[in-house]
Amino acid sequence: MNTYNKGLDSIRPFLAKAESKQAPLCSSGFTKTFLYFICAVSAMGGLLFGYDWVVIGGAKPFYELYFGITDSPLMQGVAMTTALVGCLVGAMVAGALADRYGRKPLLMLSAVLFTVSAVATGLFDDFTLFNIARFIGGMGIGIASALAPMYIAEVSPADIRGRMVSLNQMTIVLGILVAQIVNMLLARDTSVTENMAWNTEWGWRWMFWAETLPAGLFLLMSFFIPESPVYLQLKMGGGDPATKSRGKREGRKDEERTDMAGLRELMQPKYRHVLLLGLIIAVFQQWCGTNVIFNYAQEIFVGAGFDVDGMFINIVITGIANVVFTFAALYTIEKWGRRTLILMGAGVLFMIYFILGTCYFIGLTGTMMVMLVVAAISVYAMTLGPVTWTLLAEIFPNRVRGIAMATCTFALWVGCCTLTFSFPSMNALLGSSGTFWIYSAICLCAYIYLYRNCPETKGKSLEELERELVK
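Please read all numbers here as calculations on a predicted model, not as lab measurements. (Residues numbered from 1 in each chain as written. Predicted model: local features only at pLDDT ≥ 70, side-chain atom pairs only at ≥ 80, totals over all residues. Heavy atoms only, no water.)

Student: Would you explain the overall build of the protein in this entry?
Tutor: In terms of regular secondary structure, the protein is built from 20 helices and zero strands. The proportion of buried residues among the 471 residues of the protein is 59%. Of the contacts formed within the protein by residues at least 6 apart in sequence, a portion of 84% connects residues at least 24 apart. As displayed, the protein has an accessible area near 17,700 Å², and 68% of this comes from carbon and sulfur atoms. (Helix = DSSP H or I, 4+ residues; strand = E, 2+ residues; numbered from the N terminus. Buried < 20%, exposed > 50% of the residue type's maximum accessible area, 1.4 Å probe, protein only. Contact = heavy atoms within 4.5 Å. Areas by Shrake-Rupley, 256 points an atom, 1.4 Å probe, with all protein chains shown as cover.)

Student: What is the right way to read the nonpolar core from this model?
Tutor: As a rule of thumb, nonpolar side chains are buried together in soluble globular proteins. Core analysis: the biggest nonpolar cluster contains 117 residues, and Trp53, Tyr63, Leu147, Ile342, Trp413, Tyr439 and Leu450 have the highest contact counts within it. Beyond its immediate chain neighbours, meaning those up to four positions away, Tyr63 contacts Ile56, Ile69, Ala79, Met80, Phe130 and Trp204. Membership of the second largest hydrophobic core comes to five residues, among which are Met170, Val173, Leu177 and Leu330. (Core = buried A, V, L, I, M, F, W, Y, C linked by side-chain atoms within 4.5 Å.)

Student: Explanation requested: empty space enclosed by the protein in the structure shown.
Tutor: To locate leftover empty space, one rolls a probe as large as a water molecule over the atoms. In total, this model carries four cavities of 30 Å³ or more according to the counting rule given. When its volume is computed, the largest cavity comes out at roughly 70 Å³. In terms of lining residues, the largest cavity is bounded by 12 residues, among which Trp53, Gln169, Ile172, Asn291 and Tyr380 are the most central. Only α2 (32-67), α6 (158-186) and α12 (272-287) provide two or more residues apiece to the lining of the largest cavity. In terms of residue count, the dominant contributor to the lining of the largest cavity is α6 (three residues). Of the residues assigned to the lining of the largest cavity, the class counts are seven nonpolar, five polar and no charged. (1 Å grid on protein atoms, 1.4 Å probe; cavity = no way out; pocket = protein on both sides within 12 Å on 5 of 7 lines; lining within 4 Å. Points joined across faces, edges and corners; volume = space filled by probe spheres on them. Nonpolar A, V, L, I, M, F, W, Y, C, P; charged D, E, K, R; others polar.)

Student: It is not clear to me how the pattern of salt bridges should be interpreted in this structure. Could you clarify?
Tutor: Two side chains with opposite charge may pair up if their charged atoms get near one another. What the rule picks out here adds up to nine salt bridges. The residue Arg103 makes a salt bridge to Asp99 at a minimum N-O spacing of 3.0 Å. Since its relative accessible area comes to 0%, Arg103 is described here as buried. We classify Asp99 as buried; its relative accessible area is 5%. Each of Asp99, Arg103, Glu154 and Arg401 takes part in a single network of salt bridges with overlapping partners. (Salt bridge = Lys/Arg side-chain N within 4 Å of Asp/Glu carboxyl O.)

Student: Explain the packing of aromatic side chains to me, please; I cannot follow it from the model alone.
Tutor: By convention here, two paired aromatic rings are described through the distance between centres and the angle between planes. With the rule as written, the count across this model stands at 21 aromatic pairs. Seen from their ring centres, Phe67 and Trp204 are 5.6 Å apart, and the 55° between their planes marks the pair as tilted. Residue Phe67 is found in helix α2, and its partner Trp204 is found in helix α7 (residues 193-209); the two are separated by 137 residues along the sequence. Seen in terms of ring centroids, Tyr353 and Tyr439 are 6.4 Å apart; in terms of plane orientation they differ by 65°. Their pairing is edge-to-face. One end of the pair, Tyr353, is in helix α16 (residues 338-362); the other, Tyr439, is in helix α19 (residues 401-453), with 86 residues separating them in the sequence. (Phe/Tyr/Trp six-rings, centres within 6.5 Å; stacked < 30°, edge-to-face > 60°.)

Student: Help me out: how do you make sense of the packing of helix α18 (residues 384-394) against α19 in this one?
Tutor: Packed helices, taken two at a time, are described by their axes: the angle between them and the distance between them. Running from amino to carboxyl end, α18 crosses α19 at an angle of 150°, the nearest separation of the two axes being 9 Å. In terms of their interaxial angle, α18 and α19 are classed as roughly antiparallel. Between α18 and α19, the residues in contact are Thr388, Trp389, Leu392 and Ala393 and Arg401, Met405, Cys408, Thr409 and Leu412, respectively. Tallied by class, the residues present in the contact of α18 with α19 amount to six nonpolar, two polar and one charged. (Axes fitted to C-alpha atoms, helices over the stretch in contact; angles between N-to-C directions. Parallel < 35°, antiparallel > 145°, perpendicular 65-115°, else oblique.)

Student: Could you clarify how one ought to interpret the side chain of Ser440 in this entry?
Tutor: Along the chain, Ser440 turns up in helix α19. With relative accessibility at 2%, the residue Ser440 sits in the buried group. In this structure the side chain of Ser440 is engaged in a polar contact, spanning 2.7 Å, whose partner is the backbone oxygen of Phe350. If sequence neighbours within four positions are ignored, Ser440 has contacts with Phe350, Tyr353 and Phe354. (Polar contact = N/O pair within 3.5 Å; in protein donor to acceptor, adjacent residues only side chain to side chain.)

Student: Looking at this structure, I do not really get the environment of Glu394. What am I missing?
Tutor: In this fold, Glu394 is placed in helix α18. Judged by relative accessible area, Glu394 falls into the buried class, the value being 0%. Considering only alpha carbons, one finds Glu394 and Pro149, 245 residues apart in sequence, at a separation of 9.4 Å. Among all residues touching Glu394, those that are not within four sequence positions of it are Arg161, Gly162, Arg338, Thr457, Leu462 and Leu465.

Student: Help me understand helix α17 (residues 367-382) in this model?
Tutor: With 16 residues, α17 ought to run about 22 Å at 1.5 Å a step, and its terminal C-alpha atoms sit 22 Å apart, in line with that. Counting buried positions over the 16 residues of α17 gives 12, a clear majority of the element. Taken residue by residue, α17 has Met369, Val370, Leu372, Val373, Val374, Ala376, Ile377, Ser378, Val379, Tyr380, Ala381 and Met382 as its buried positions. (Expected span 1.5 Å × (residues − 1).)

Student: What am I meant to see in a nonpolar patch on the surface here?
Tutor: A contiguous nonpolar surface patch, about 680 Å² in accessible area, is contributed by Phe354, Ile355, Phe361, Ile362, Leu364, Met368 and Trp437. Considering each element in turn, the nonpolar patch owes the most residues, four residues, to α16. Mapped onto the elements of the fold, Met368 is located in helix α17. Classification of Met368 by relative accessible area gives partly exposed; the value is 38%. (Patch = residues over 30% accessible without salt bridge, like charges linked within 9 Å, V, L, I, M, F, W, Y side chains within 5 Å.)

Structure follows, in structure tokens:
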């Protein structure tokens, strides 16, 4: 309690200034250098999120041989989905725990989970224990994916908030690229029998063990970041400035509550519209289909006519495109706005997936297919990837942001889990052409909904957005 009081006392002048000007909380509370530092540390959860999420795609051909599941689509789906189930659990508990104990302790917990999972996944020889370790890592992903963008949004001023939250997406794609490069470097030439034996016995293990270093660094650096000022204010009695200013405008007494809201309050009619918007944005980010390229790169590129070694090269190419266009998003998200980018992502992906499905249908292979896949990754990286997390961190009021972010992140991982688990069956039943045509149709439906309902949040304080979106 004394720690929270000291933390709150240290930021009270900035809270008062933020309230009087209706500026974002703590917009003047940190120097820019320190702000960048704490956002970068928080975003390291995104780097581990990206690495842990994608590393299994490169390890897949080898651990399947080791565990003897190459002829069992069901067990393959289980291995690929276990971490995603952990994501669901992590996201489900993240909001309530963050509202009770704070944002910082939960970020530290995610770092511990990443470290334990990285060591254990490569250590175990039993398929069940392997999946338990993956589940633990998934919990770390679920917690980090919910907490990191929310924490960054709560400490960042409105004029650079989108860029700062997009930093989390940048570290995610960097983690993805690092995992892809590590997988390629560790996977020895599969045309040599001895190398294939090493890959099957040890290569996939080192792919997971390589995560230990950044996970340990994240845990160490998380000791040096402060607690979120928004959390300190609401938890220790500062109240919600948007609630107070709204009460003053309406000529009534201040009746704000200082405790955090639970799921029951989030379900109230006044939050219904914004909650539905958040849920659809979260699920669409997954069901747009782009993420199957990372998790099922082997099937996609082999189906396009490449061998396993060519698959690894093409995976790295998509990873580089992912990083380059996420860098572009850091600049466009504040200039073009969130609404423009998310609509552009849905519309362009609709066209790319329709063309990609058609190419699979007529039997095209080779460079043309790689170009289409890279184009899809590039569009996603510049639009739906960063914009989703930014919008989710912005559209909810301070009082319910923790539980709302947890709810939407849970929905996002439900979408990811169902997408990942269903792809092998869809691909077997409908073929690659039918599968990507379905993703194309989903993008078209999402475009129509978002065109009608998605607001522009660029340059507005969190309190201004609450007044606009919560009626």
